[in-house]
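# Inside the fold
Each chain is listed here by its residues.
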Amino acid sequence: LFGVEHDKLWDLTRSTLRDIVKDEEQWKGTSARMDMFKGAAGTVLFFSDEETTKGFQANIPLYADRFPKWADQANAMHQYLAWSALAADNIGANLQHYNPLIDSKVQESWGIPASWKLDAQLVFGGRPEAEPEAKDKKPSTETIKVFGA
């Protein structure tokens, strides 16, 4: 989404959240985030088509229970690829998840089929102002296991 379409997404997200976030102190932070997202250059919406997943489940019943997870994994790879492509051009981005709160408004606003499930919103634009803050992480020896040479 670009231009007025991008703005429309963040306006409808703001109005949805305003109906939910009643505490004024909490709203200040939420409102500031909405301003930041709306101020970006655009937003990529990521969807999963549940009808496609159900089709695979019906056609390949041996793996029917795995297809929803594989669909999620494929969607995550697309998100990572888009983010990486933007980062390679030094374009800042951040991934948001205001679904399912905004799903019906997004479907209505852009004529999205009911079988498409909104998974994430990748907001992008501008140059990163700073490197992301380092986070405490477990040593890789605790999270990655290697076997063999």
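This text goes with the structure placed above it.
The notes below deal with the structure included here. (Residues numbered from 1 in each chain as written. Predicted model: local features only at pLDDT ≥ 70, side-chain atom pairs only at ≥ 80, totals over all residues. Heavy atoms only, no water.)

## A closer look at the pairing of strand E3 (residues 116–124)
How we decide: Note on classification: 1.4 Å probe, protein chains only; a residue is buried when its accessible area is under 20% of the maximum for its type, exposed when over 50%, partly exposed between these limits. By definition, any uninterrupted DSSP run of H or I lasting at least four residues is a helix, any uninterrupted run of E lasting at least two residues is a strand, and each is numbered from the N terminus. When DSSP finds at least two bridges between two strands, those strands are taken to pair.
Within E3, seven of the nine residues are buried, leaving the element largely enclosed by the surrounding structure. Relative to E3, strand E1 (residues 42–49) runs antiparallel, the two being bridged by eight bridges. Bridge pairing links Val 44 to Leu 122 in E3. Here strand E2 (residues 93–96) pairs with E3 via four bridges, running antiparallel.

## Quick word on the pattern of salt bridges
The cut-off we apply is this: For this analysis, a salt bridge means a side-chain nitrogen from Lys or Arg found within 4 Å of a carboxyl oxygen belonging to Asp or Glu.
Evaluated as defined, the whole model comprises seven salt bridges. Between Lys 38 and Asp 11 there is a salt bridge; the shortest N-O distance is 2.8 Å. Of this pair, Lys 38 sits in helix H2 (residues 24–38) while Asp 11 sits in helix H1 (residues 3–20), placing them 27 residues apart in sequence. According to the relative accessible area criterion, Lys 38 is partly exposed, its value standing at 30%. Between Glu 24 and Arg 18 there is a salt bridge, with its nearest N and O atoms 2.6 Å apart. Residue classification places Glu 24 among the partly exposed residues on the basis of a relative accessible area of 45%. Among the residues examined, Arg 18 registers a relative accessible area of 29% and is labelled partly exposed. Ionic contacts of the salt-bridge type, sharing partners, join the residues Asp 72, Lys 117 and Asp 119 into one network.

## So, the packing of helix H3 (residues 50–59) against helix H4 (residues 67–88)
Rules: Each axis is a line fitted through C-alpha atoms, taken for helices only over the stretch in contact, and angles between the N-to-C directions span 0 to 180 degrees. Orientation categories follow fixed angle ranges, with anything under 35 degrees roughly parallel, anything over 145 roughly antiparallel, 65 to 115 roughly perpendicular, and all other angles oblique. By the definition used in this description, the sense in which the near helix is turned from the far one sets the handedness, with an anticlockwise turn below a right angle giving left-handed and a clockwise turn giving right-handed. The contact definition used throughout considers only heavy atoms, calling two residues in contact when any of these lie within 4.5 Å. Under the grouping applied here, Gly and all other residues not named as nonpolar or charged are polar, the nonpolar ones being Ala, Val, Leu, Ile, Met, Phe, Trp, Tyr, Cys and Pro and the charged ones Asp, Glu, Lys and Arg.
Here H3 crosses H4 at 140 degrees, and the two axes come no closer than 9 Å. Taken as axis vectors, H3 and H4 run oblique relative to one another. With respect to the hand of their crossing, H3 and H4 are arranged in right-handed fashion. In this structure, H3 uses Thr 53, Phe 56 and Gln 57 to contact H4, whose residues at the interface are Phe 67, Pro 68 and Ala 71. For the contact of H3 with H4, the class distribution of residues is four nonpolar, two polar and no charged.

## Notes on the sheet that holds E1
The strand order E1-E3-E2 describes an open sheet built from three strands, whose pairing is antiparallel. The open sheet has two free edges, formed respectively by E1 and E2, since each of these has just one partner strand. On average, adjacent strands in this sheet sit at an angle of 25 degrees to one another, irrespective of strand direction.

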